[in-house]
Amino acid sequence: MDQNLVVAENGNYQVVKPANEIFVVDDDEDMRDILGGSLESEGFSVAAFEDGDSFLRAAKMRVPICVFLDVVLPQRSGLEILQELRKRQYWTPIFLISALDDITTAVEGMKNGAHDYIRKPFDRSVPVARARNAVEVWSRREREWRAFDLYPNGNCEWFRVSPDERAMLLLMRSMHT
C-alpha cells in the first residue's frame, strides 16, 4: 500500500490506494493508547486524533486503511462525522466504537456506511481483526479495479473501461477512419 497518499483533486476517494496507516479518533487518551498499541503490536502504523475536526483535516490529505471512530466526541458526534465523510465520498472502512449499548446508534451508523459497531470495552484482538478485514476490503477493490484500464477519448479525458469495452471503442473508431 502507498505511503503518504494525497487524495486526488476530484475528491473521488474510491479510486485511490490507502496510505499505510490506520486512523483512531477518540477523545479518551487511554482508548487511543489501547487501540494504537493493539494495532501497532501487529505491525500497523497508527495516527491518533482527539477530536473529529482534526481527523477531518487529515482525511482531506490522505486515506487510511480504516478508521476507528468514537461515537461520542466533543463538538460533533461520530455519526455526524461519518455522514460528512459519506458526503465527501470517503469510502475507507469505518468502524464505530462506543461504550453505549445503543441499538439505534448502531443501526444509524450502519445506514450511513459504517462497516461495524464495536462496543467498549472490547478484547484487544477485535480492532486487529477489523483492520485485517479492512486490508482485505482494499485488496478486493484493487483486484476489481485492475479489471479496468484507463483509456483516453478524443478530448484527452480518461475513462475506466473493461477490455471488452475498449475493444468495442477501437472497433467503433476504426469504422470512422
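Residues numbered from 1 in each chain as written. Predicted model: local features only at pLDDT ≥ 70, side-chain atom pairs only at ≥ 80, totals over all residues. Heavy atoms only, no water.

(A) Expanded view of helix α1 (residues 29–40). End to end, α1 covers 16 Å across 12 residues, agreeing with the expected 16 Å (1.5 Å per residue, within 8%). Of the positions making up α1, those classed as buried are Met31, Arg32, Leu35, Gly36, Ser38 and Leu39. Looking straight down α1, one finds that the buried residues subtend no more than 165° of arc, so they occupy a single side. Among the exposed residues of α1, those pointing more than 90 degrees away from its buried face are Glu29 and Asp30. Sitting at the head of α1, Asp28 places a side-chain oxygen 2.9 Å from the backbone nitrogen of Asp30. (Helix = DSSP H or I, 4+ residues; strand = E, 2+ residues; numbered from the N terminus. Expected span 1.5 Å × (residues − 1). Buried < 20%, exposed > 50% of the residue type's maximum accessible area, 1.4 Å probe, protein only. Arc of directions from axis to C-beta. Polar contact = N/O pair within 3.5 Å; in protein donor to acceptor, adjacent residues only side chain to side chain.)

(B) Fine view of the side chain of Asp26. Here Asp26 is to be found in the loop between β1 (22–25) and α1. Overall, Asp26 belongs to the buried group, its relative accessible area being 0%. Once you skip the residues sitting within four places of it in the chain, Asp26 turns out to touch Met31, Arg32, Phe49, Glu50, Asp70, Leu73, Ile97 and Lys120. (Contact = heavy atoms within 4.5 Å.)

(C) Geometry of the pairing of strand β4 (residues 94–98). With five of five residues buried, β4 is to be regarded as a mostly interior element. As judged from the four bridges shared by β4 and strand β5 (residues 116–119), these two strands associate in the parallel manner. Considered in β5, the bridge of Ser98 is made with Arg119. In this view, the connection linking β4 to its parallel neighbour β5 by way of helix α4 (residues 103–111) has right-handed handedness. (Pairing = 2+ DSSP bridges. Right-handed = clockwise from strand over helix to strand, strands pointing away.)

(D) The arrangement of the packing of aromatic side chains in detail. Evaluation of the coordinates by the stated rule reveals four aromatic pairs. A ring pair is formed by Phe23 and Phe49, whose centres lie 5.0 Å apart and whose planes are at 75°; its orientation type is edge-to-face. One end of the pair, Phe23, is in strand β1; the other, Phe49, is in strand β2 (residues 46–49), with 26 residues separating them in the sequence. Taken together, Phe23, Phe49 and Phe55 form an aromatic cluster joined through their ring pairs. (Phe/Tyr/Trp six-rings, centres within 6.5 Å; stacked < 30°, edge-to-face > 60°.)

(E) Main features of a negative patch on the surface. A cluster of acidic residues, Asp27, Asp28, Glu29, Asp30, Asp33 and Glu50, forms a negative patch on the protein surface. Within the secondary structure, Glu50 sits in the loop between β2 and α2 (52–59). (Patch = residues over 30% accessible without salt bridge, like charges linked within 9 Å, V, L, I, M, F, W, Y side chains within 5 Å. Areas by Shrake-Rupley, 256 points an atom, 1.4 Å probe, with all protein chains shown as cover. Salt bridge = Lys/Arg side-chain N within 4 Å of Asp/Glu carboxyl O. Lys, Arg positive; Asp, Glu negative; His and termini not counted. Charge placed at Lys NZ, Arg CZ, Asp CG, Glu CD.)

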